[in-house]
Amino acid sequence: MKDTIDSYVTADGRTIGGVMMEMKNITLRFGGVVAIKDISFDIREGEIRAIIGPNGAGKSSMLNVISGFYHPQEGEVWFRGERRPTMKPHNVARQGIARTFQNIALFNGMSVLDNVMTGRLTQMKTGIIAQSLWYGRAQKEEFQNREIVEKIIDFLEIQHIRKTPVGRLPYGLKKRVELARALAAEPKLLLLDEPMAGMNVEEKEDMSRFILDANDEFGTTIALIEHDMGVVMDLSDRVVVMDYGKKIGDGTPEEVRNNQAVIDAYLGVAHD
Ligand SMILES: Nc1ncnc2c1ncn2[C@@H]1O[C@H](COP(=O)(O)OP(=O)(O)OP(=O)(O)O)[C@@H](O)[C@H]1O
Ligand SMILES: [Mg+2]
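Anyway, here's the lowdown on the structure attached to this text. (Residues numbered from 1 in each chain as written. Chains lettered and ligands numbered in written order. Predicted model: local features only at pLDDT ≥ 70, side-chain atom pairs only at ≥ 80, totals over all residues. Heavy atoms only, no water.)

## Observations concerning the pattern of salt bridges
Pairing is possible between side chains that carry opposite charge, provided their charged atoms lie close to one another. Tallied over the full model, the rule gives 18 salt bridges. In this structure, the salt-bridge partner of Asp42 is Arg238, at a minimum N-O distance of 2.7 Å. Of this pair, Asp42 sits in strand β4 (residues 33-44) while Arg238 sits in strand β11 (residues 238-243), and the two are 196 residues apart along the sequence. Per residue, the accessibility class of Asp42 equals that of Arg238, and both read buried. Here Glu150 and Arg162 are joined by a salt bridge, their closest N and O atoms 2.4 Å apart. Taken together, the residues Glu150 in helix α5 (residues 135-155) and Arg162 in the loop between α5 and α6 (171-184) connect sequence positions twelve residues apart. With a relative accessible area of 21%, Arg162 lands in the partly exposed category. What emerges from the salt-bridge pattern is a single network uniting Asp42, Glu47, Arg49, Arg238, Lys247 and Asp250. (Salt bridge = Lys/Arg side-chain N within 4 Å of Asp/Glu carboxyl O. Helix = DSSP H or I, 4+ residues; strand = E, 2+ residues; numbered from the N terminus. Buried < 20%, exposed > 50% of the residue type's maximum accessible area, 1.4 Å probe, protein only.)

Right, dumping it as structure tokens:
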């Protein structure tokens, strides 16, 4: 494996390992719009890595490159020591990457339980035909899937709404169900696009706790986009700062908070 740096232990006792994901000189264009300009950074095993920046900075585009949904015109994406080829979304799921979206993407007519179950779909080994031919194995798989889903539902404290259609839930709980669905895939790397957007203070505190607990208990590496700087400072081990498609900062929350380019970007200071 290349570029493996020694692991270290954080102040709160979590172990951060070597490089899991490496983005090298990524450039992404949409026609004439350059959404990402020559950005490099890495994500380490066990880390909570935040991506921040003003609106339109290219954060969601970057998450889509990490997830394999967008293919950059330039640069390389390395995951666990292997260069990623052009990859279909279902192959990304098999690689152990799950995500939530900036705009909630759940099945409103379906119950919480069924929505969370859809998070298991990519993990199922038995195909539809095999399921009918080889009933025993499919049944065992179904049983295991239910067990994992129930564990996640307990973990996120949504037992009381497991039968409720998602469309009837308040916004904060919908966000939590989306997190449940992503965790149900038992991802190695979890990508969260503004998991706390539009939440009140109490909901944000709950969500922060669930993100930290998922990282701690399941060892899930997390990359998240978040606008609330207080949340970013509390949650993340390291922060990448983007502005107009460029990387303008990268380091610990403390380092980026004191970085002049970052301060300027947030204050809206003009630049070339
Ligand atoms: N599918 C697309 N087609 C064309 N342009 C796009 C597409 N997706 C993003 N862009 C453009 O790329 C730039 C970066 O957008 P992106 O959504 O990644 O920003 P962001 O940092 O997530 O912003 P926000 O904080 O508002 O969510 C913007 O100029 C946007 O208009
Ligand atoms: Mg976005």
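## Section: the side chain of Thr220
Its place among the elements puts Thr220 in the loop between α7 (201-218) and β10 (221-225). Residue classification places Thr220 among the buried residues on the basis of a relative accessible area of 2%. For Thr220, the contacting residues outside a window of four places in its chain are Leu183, Pro187, Lys188, Leu190, Ala214 and Asn215. (Contact = heavy atoms within 4.5 Å.)

## Here's the deal with α6
Two residues of an α-helix separated by three or four positions point the same way, owing to the 3.6 residues in each turn. Here α6 is 14 residues long and its end C-alpha atoms lie 20 Å apart, about the 20 Å a rise of 1.5 Å per residue gives. Counting buried positions along α6 yields 13 of 14 residues, so the element is predominantly enclosed. Immediately beyond the C-terminal end of α6, within one or two residues, lies Glu186, with a positive phi of roughly 50°. (Expected span 1.5 Å × (residues − 1).)

## Overview of the sheet that holds strand β5 (residues 48-52)
Taken together, the six strands give an open sheet; going across it, the order is β8-β9-β10-β5-β11-β12, and neighbouring strands pair in mixed fashion. Edge positions in the sheet fall to β8 (97-100) and β12 (246-251), since each has one partner strand and no second. Taking each pair of neighbouring strands and ignoring which way they run, the sheet shows an average axis angle of 15°. Two elements, β5 and β10, share four bridges in a ladder whose sense is parallel. In the strand pairing of β10, Ile48 is matched with Ile222. (Pairing = 2+ DSSP bridges. Axes fitted to C-alpha atoms, helices over the stretch in contact; angles between N-to-C directions.)

Such coordinate-based values are descriptive only and should not be taken to indicate function.
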